[in-house]
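# Geometric and topological summary
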Amino acid sequence: MTLKIYFYPKVFGCGVQEYFFTLRFFFTAMEVFYTVQSLTKKIKQLKQEGFKIGFVPTMGALHQGHVSLVYLSQKEGNKTIVSIFVNPTQFNDKKDLARYPRNLEKDIEILKNNECDLVFAPDEKEIYPEPDNRIFEFGTLASVMEGKFRPGHFNGVAQVVSRLFDIVKPDTAYFGNKDFQQLAIVREMVRITNSPVKITGCPIVREADGLAMSSRNALLETNYRKEAPFIYQTLKKATLEHKEKNISEIKKWVIETIEANGILKVEYFDIVDKNSLISLQTWPEKDTCIGCIAVFAGKIRLIDNIDFES
Ligand code: AMP
């Protein structure tokens, strides 16, 4: 529960001076859990009291993109729980795992100030008391784009999300469209495991210059940070002009335009069917396609996507 009191005493002197004070008192009762056992007890209690549980799984280094998911869960009337866990099984590149930004204290502060009810910040032993050897079969959904360039990534995502769902037992879980393929994988995991969790996709939150917010943005060196918004700006332009070009021309144009100044390197850009993620050769008649991109800005890998409307 967060109680906010805004206090605005106004003092008028000689009719011209106004003193304006704002006092804010935040009485926050957000709770932080580090163990499965303590969280399980709390969730059981909340369910008995009739609360719906809204769940936002994250890897921390929180920004407004994450916060937007918390707000949506709150808006829908849930007790909202955010997990913060950098999941090792989804990192195919161990250097990426080592440099992934971590700042639990700051994350807790952000959540405290943004209406979150519960935080779950387990260590690896809590999530994986034993090695998780499960292999999920996602077919094409996991073999294209991110799946092609990050082998094993989505199996790791499915492992951690299913484990977290088992612990948190949410009614609804919130995921960002920013990781569009991940969202498709989670929906498929829920389908094949007959999980009762409702999955809600949420819009991409961007910086003022268009760059999709990401925990990895903090790792960008100045020159790369300056160029990175060009990714979204190019995607946006492509959607405005796409009717005059065919799909392969648009794909070529996007890659060449982004790489033109020699700073950014595109790993892939594809235009795919939103449901099957199969690469398209011709524009579909309905609004069912999305352009997905991965770009290296130096050592930092950024992803983004955009709808192509018919
Ligand atoms: P991460 O901590 O990167 O694993 O992200 C946790 C959740 O936040 C995922 O569902 C992401 O898709 C979502 N997310 C990350 N960045 C954004 C963003 N810029 N806008 C909306 N959602 C985001």
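This write-up is about the structure you can find in this document. Numbering of residues starts from 1 in every chain and runs along the sequence as written. Local features in this predicted model are restricted to residues whose pLDDT is 70 or higher, and side-chain atom pairs enter the listing and the counts only when it is 80 or higher, whereas totals over whole chains, interfaces and linings include all residues. As a convention, hydrogens and water are excluded, and side-chain values are obtained from all of the structure's heavy atoms.

### A closer look at the overall build of the protein chain
Definition in use: Working definition: helices are DSSP H or I runs of at least four residues, strands are E runs of at least two. Numbering for both runs from the N terminus. Here's how the labels work: a residue is buried when its accessible area is under 20% of the maximum for its type, exposed when over 50%, partly exposed in between, all with a 1.4 Å probe on protein chains only. We call two residues in contact whenever any of their non-hydrogen atoms come within 4.5 Å of each other. Per-residue and other accessible areas follow the Shrake-Rupley method at a 1.4 Å probe size, with only the shown protein chains counted as cover for residues. The charge count treats Lys and Arg as positive and Asp and Glu as negative. His and the chain ends do not count. For this purpose, a charge sits on NZ of Lys, CZ of Arg, CG of Asp or CD of Glu.
Counting its secondary structure elements, the protein chain contains 12 helices and 13 strands. For the protein chain, the spread of C-alpha atoms along the principal axes amounts to about 65 × 65 × 40 Å. For the protein chain, with 310 residues in total, the buried portion stands at 47%. Sequence-distant contacts, at least 24 apart, represent 70% of the contacts inside the protein chain between residues at least 6 apart. By element, 53% of the accessible surface of the protein chain is carried by carbon and sulfur atoms, the whole surface being about 16300 Å². A gap of 2 Å separates the mean positions of the 41 positive and 39 negative side-chain charges of the protein chain.

### Considerations on the site of the ligand
The cut-off we apply is this: Here, proximity means that at least one heavy atom of the residue falls within 4 Å of the molecule or strand. For the purposes of these results, a polar contact is taken to be a pair of N or O atoms within 3.5 Å, where, inside protein, one atom must be able to donate a hydrogen and its partner to accept one; residues adjacent in sequence count only when each atom of the pair is a side-chain atom. Here a cavity denotes a set of grid points, spaced 1 Å apart and computed over the protein atoms alone, in which a 1.4 Å probe fits but from which it cannot get out, and a pocket denotes an open set meeting protein on both sides within 12 Å along at least five of seven lines; residues with an atom within 4 Å of a point are reported as lining. For a cavity or pocket, the test is whether more than half of a molecule's atoms lie within 2 Å of its grid points; if they do, the molecule sits there.
Residues in close proximity to the ligand total 17 residues, the closest being M59, G176, D179, V205 and M213. Between the ligand and the protein, one listed contact pairs a nitrogen atom with a backbone N or O atom of M213 at 2.9 Å. Protein chains shield 93% of the accessible area of the ligand, which is 490 Å² for the free molecule. When atom positions are compared with the pocket grids, the ligand is found to occupy the largest cavity. For the shell around the ligand, the elements supplying multiple residues, two or more each, are strand 6 (53-58), helix 2 (64-75) and strand 9 (172-176).

### Considerations on the sheet that holds strand 6
What counts, and what does not: By the convention used here, strands pair only if DSSP detects at least 2 bridges between them. Axis definition: a line fit to C-alpha positions, over the contact stretch in the case of helices; interaxial angles, taken between N-to-C directions, run 0 to 180 degrees.
Within the open sheet, the 6 strands sit side by side as 5-8-7-6-9-10. Their pairing is parallel. Both edges of this open sheet fall to strand 5 (31-33) and strand 10 (198-202), since each of them pairs with a single strand only. Shown here is a sheet whose adjacent strand axes are inclined to one another by a mean of 25°, direction ignored. Examined bridge by bridge, strand 5 and strand 8 (residues 118-120) share 3 bridges and lie parallel to one another. Within strand 8, the residue paired with V32 across the bridge is V119. Sheet strands touched by helix 8 (residues 153-168): strand 6, strand 7 (79-84), strand 8, strand 9 and strand 10. Its angle to strand 6, the strand with the most contacts, is close to 150°.

### Concerning helix 9 (residues 180-192)
Inclusion rule: Multiplying 1.5 Å by the helix residue count minus one yields the expected span of that helix.
Taking 1.5 Å per residue as the helical rise, helix 9 with its 13 residues ought to reach 18 Å, and the 19 Å between its terminal C-alpha atoms agrees with that figure. Of all 13 residues that make up helix 9, 10 are buried, and the element is covered over most of its length. Among the residues of helix 9, F180, Q181, Q182, L183, A184, I185, V186, E188, M189 and V190 are the ones counted as buried. Immediately beyond the C-terminal end of helix 9, within one or two residues, lies N194, with a positive phi of roughly 55°.

### Side note on the layout of surface pockets
Applied cut-off: Grid points are joined across faces, edges and corners, and a volume is the space filled by probe spheres set on the points. In this classification, Asp, Glu, Lys and Arg are treated as charged, Ala, Val, Leu, Ile, Met, Phe, Trp, Tyr, Cys and Pro as nonpolar, and every other residue, Gly included, as polar.
Approximately 320 Å³ is the volume attributed to the largest pocket. Around the largest pocket, the lining comprises 16 residues; the ones closest to its centre are N177, F180, L183, K274 and I290. At the level of secondary structure, the elements contributing two or more residues to the lining of the largest pocket comprise helix 9 and strand 13 (300-308). The element best represented in the lining of the largest pocket is helix 9, accounting for 5 residues. Considering only residue class, the lining of the largest pocket consists of 8 nonpolar, 3 polar and 5 charged.

### Considering the pairing of strand 7
Rule in force here: The definition of a right-handed crossover adopted here requires that, viewed with the strands pointing away, the path from the first strand over the helix to the second runs clockwise.
The buried fraction of strand 7 is high, at 5 of 6 residues. After leaving strand 6, the chain enters helix 2 and then returns to the sheet as strand 7, a path that is right-handed. Relative to strand 8, strand 7 runs parallel, the two sharing 3 bridges. If you follow S83 over to strand 8, its bridge partner there is F120.

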